[in-house]
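Architecture at a glance
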Amino acid sequence: EAGVAQSPRYKIIEKRQSVAFWCNPISGHATLYWYQQILGQGPKLLIQFQNNGVVDDSQLPKDRFSAERLKGVDSTLKIQPAKLEDSAVYLCASSGVAGGRTDTQYFGPGTRLTVL
Amino acid sequence: DAKTTQPPSMDCAEGRAANLPCNHSTISGNEYVYWYRQIHSQGPQYIIHGLKNNETNEMASLIITEDRKSSTLILPHATLRDTAVYYCIVRVATNAGKSTFGDGTTLTVKP
């Protein structure tokens, strides 16, 4: 069974530039999560989707971050414009009935973003 | 804020049991205790979870105190590949549950 796919794996940009990350969850998983993980800290939930609807985006900095999950499958996370403090690993996870317990989250490898 | 408290780091000798503690004194009745681990440069990996009974799977055992305010993850025979950051979180066991990660415990298994 294929896991959660993310791309790109690494991205280096300058501050004030824009960047987008892509996530393909495990097939059939209804719930998709985006986390931000700053070096030395645990993952912090940015946004949680149930199918293509938003369940929780309380910690998403909406002035610069946006996310969408069209058709309830793939998702993109965008930062515009980026700041130095956005340097982090962005993790995507999914959960659902297919392939395991509905509450178990399966994580992708993450995208490491460096903002210069 | 994370709902759990874990020691920042622990060491364990290879082949010995690793016992990782977690405090979750404000856990609600419908919240489960979950454990994940994160090996360097990878995404977190699910290990085990439980509500109030002790649980065991092929990776680890989970011991939850009777008052559910704390738990211990046990890796019975730690190997060098178990070196990782271990996260304890509490959440409801549905897709709507929110996972709040703390900073975890860095376990270093030494030869």
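Please refer to the structure higher up on the page.
Residues numbered from 1 in each chain as written. Chains lettered and ligands numbered in written order. Predicted model: local features only at pLDDT ≥ 70, side-chain atom pairs only at ≥ 80, totals over all residues. Heavy atoms only, no water.

**Considerations on the layout of surface pockets**
Here the largest pocket is characterised by a volume of approximately 620 Å³. Along its surface, the largest pocket is lined by 28 residues, and Q37, L39, G40 and R112 of chain A together with H40 of chain B are the ones closest to its centre. Elements with a contribution of two residues or more to the lining of the largest pocket: β9 (88-95) and β11 (111-115) of chain A together with β8 (84-92) of chain B. Classifying every residue of the lining of the largest pocket by side-chain character gives 11 nonpolar, 14 polar and three charged. (1 Å grid on protein atoms, 1.4 Å probe; cavity = no way out; pocket = protein on both sides within 12 Å on 5 of 7 lines; lining within 4 Å. Points joined across faces, edges and corners; volume = space filled by probe spheres on them. Helix = DSSP H or I, 4+ residues; strand = E, 2+ residues; numbered from the N terminus. Nonpolar A, V, L, I, M, F, W, Y, C, P; charged D, E, K, R; others polar.)

**Things to note about the side chain of H49 of chain B**
With respect to the secondary-structure elements, H49 of chain B resides in strand β4 (residues 45-50). Only 2.6 Å separates the side chain of H49 of chain B from the side chain of Y46 of chain B, close enough to count as a polar contact. (Polar contact = N/O pair within 3.5 Å; in protein donor to acceptor, adjacent residues only side chain to side chain.)

**Observations regarding the interface of chain B and chain A**
Frequently, the measure chosen for interface size is the accessible area removed from exposure when the parts meet. Chain B puts 21 residues into the contact, and the matching count from chain A is 27 residues. Interface area, chain B with chain A, both sides summed: about 1700 Å², of which 43% is carbon and sulfur. For the interface between chain B and chain A, the tally reads zero salt bridges. Linking chain B with chain A are five residue pairs in polar contact (both at pLDDT 80 or more). Looking at the side of chain B that touches chain A element by element, the count peaks at three residues for strand β3 (residues 31-38) of chain B. Residues of the side of chain B that touches chain A, tallied by class, amount to eight nonpolar, 10 polar and three charged. (Contact = heavy atoms within 4.5 Å. Buried area = accessible area lost by both parts, 1.4 Å probe. Salt bridge = Lys/Arg side-chain N within 4 Å of Asp/Glu carboxyl O.)

**Topic: the state of the cysteines**
Residue and element names in this part refer to chain B. Applying the stated criterion across every chain, the model contains two disulfides over all chains. Sulfur-sulfur distance for the disulfide between C22 and C88 comes to 2.1 Å. Judged by the sign of its S-S torsion, about -80 degrees, the cystine formed by C22 and C88 is left-handed. With C22 in strand β2 (residues 18-23) and C88 in strand β8, the pair connects residues that are 66 residues apart, well separated along the chain. Assigned by exposure class, C22 and C88 land together as buried. Between C12, a cysteine without a disulfide, and C22, which holds the nearest cysteine sulfur, the sulfur-to-sulfur distance is 18 Å. (Disulfide = S-S within 2.5 Å. Buried < 20%, exposed > 50% of the residue type's maximum accessible area, 1.4 Å probe, protein only.)

**Re the packing of aromatic side chains**
Aromatic rings in a pair are described by how distant their centres are and how their planes are angled relative to each other. Under the counting rule described, the total for this entry stands at 11 aromatic pairs over all chains. Judged by centre distance (6.2 Å) and plane angle (25 degrees), the ring pair of Y33 of chain A and Y35 of chain A falls under stacked. Y35 of chain A shares its class with Y33 of chain A; the two are buried. Here the aromatic residues Y33, Y35 and F107 of chain A together with Y36, Y46, Y87 and F101 of chain B are joined through ring pairs into a cluster of three or more. (Phe/Tyr/Trp six-rings, centres within 6.5 Å; stacked < 30°, edge-to-face > 60°.)

**Here's the deal with the sheet that holds β2 of chain B**
All names here are of chain B. If you trace the four strands from one edge of the open sheet to the other, you get β2-β7-β6-β5, paired in antiparallel fashion. The open sheet terminates on both sides in strands that have one partner only, identified here as β2 and β5 (55-56). In the sheet, β2 pairs with strand β7 (residues 70-75) via six bridges, with the strands oriented antiparallel. Each bridged residue has a counterpart across the sheet, and for N23 the counterpart in β7 is S70. (Pairing = 2+ DSSP bridges.)

**With respect to the sheet that holds β4 of chain B**
Residue and element names in this part refer to chain B. Overall, mixed pairing links the five strands, which are arranged β1-β9-β8-β3-β4 in an open sheet. Unpaired on one side and paired on the other, β1 (9-13) and β4 mark the two borders of the sheet. Sheet twist, expressed as the average angle between the axes of neighbouring strands with direction ignored, equals 25 degrees. Of the pairings in the sheet, the one linking β3 to β8 comprises eight bridges and is antiparallel in character. Within β8, the position partnered with V33 by the bridge is V90. (Axes fitted to C-alpha atoms, helices over the stretch in contact; angles between N-to-C directions.)

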